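Residues per chain are reported as follows:
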Amino acid sequence: MKSNQFVAVRRDTGEKLTIAEDQAETKLKDILEEIHTNLYSR
């Protein structure tokens, strides 16, 4: 949080994503929808 960033790890792929704090709301919403779609389609 010092650099106003955090790391999110996707549950479906294990991919680590570094996200800026000011972009968190929009990016996380998109990522969660994508994860949901990927997990549902399996």
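Above this text you will find the structure in question.
Bear in mind the structure is a predicted one, so any value in this text is a computation, not a measurement.

**With respect to the nonpolar core**
Residues Ala8, Leu17, Ile19, Ile31 and Ile35 constitute the largest nonpolar core, which totals five residues. At the level of secondary structure, the elements contributing two or more residues to this core comprise β2 (16–20) and α1 (24–40). Sequence-distant contacts of Ala8, defined by excluding residues within four places in its chain, comprise Glu15, Lys16, Leu17, Ile19 and Leu28.

**Some words on the pairing of strand β1 (residues 5–9)**
Pairing of β1 with β2 involves five bridges; the strand directions are antiparallel. Bridge pairing in β2 places Val9 opposite Lys16. Between β1 and the antiparallel strand that follows it, β2, lie six residues; Gly14 among them carries a positive phi value of about 80°.

**What to know about the environment of Glu34**
Note on placement: Glu34 falls in helix α1. In this structure Glu34 comes out as partly exposed when scored by relative accessible area, which is 41%. Taking C-alpha positions, Glu34 is 16 Å from Ile19, a pair spaced 15 residues apart along the chain.

**Focus: the pattern of salt bridges**
Inspection of the entire model under this criterion finds two salt bridges. One salt bridge connects Arg10 with Asp12, and the closest N-O pair in it is separated by 2.7 Å. With respect to burial, Arg10 and Asp12 carry one shared label: buried. Close ionic contact of Glu34 with Arg10 constitutes a salt bridge, the shortest N to O distance being 3.1 Å. With Glu34 in helix α1 and Arg10 in the loop between β1 and β2, the pair connects residues that are 24 residues apart, well separated along the chain.

**Describing unusual backbone geometry**
Phi at Asn4 is positive, roughly 60°, even though this residue is not glycine. With respect to the element layout, Asn4 can be found in the segment before β1.

What counts and what doesn't
- Residues numbered from 1 in each chain as written.
- Predicted model: local features only at pLDDT ≥ 70, side-chain atom pairs only at ≥ 80, totals over all residues.
- Heavy atoms only, no water.
- Core = buried A, V, L, I, M, F, W, Y, C linked by side-chain atoms within 4.5 Å.
- Buried < 20%, exposed > 50% of the residue type's maximum accessible area, 1.4 Å probe, protein only.
- Helix = DSSP H or I, 4+ residues; strand = E, 2+ residues; numbered from the N terminus.
- Contact = heavy atoms within 4.5 Å.
- Pairing = 2+ DSSP bridges.
- Salt bridge = Lys/Arg side-chain N within 4 Å of Asp/Glu carboxyl O.

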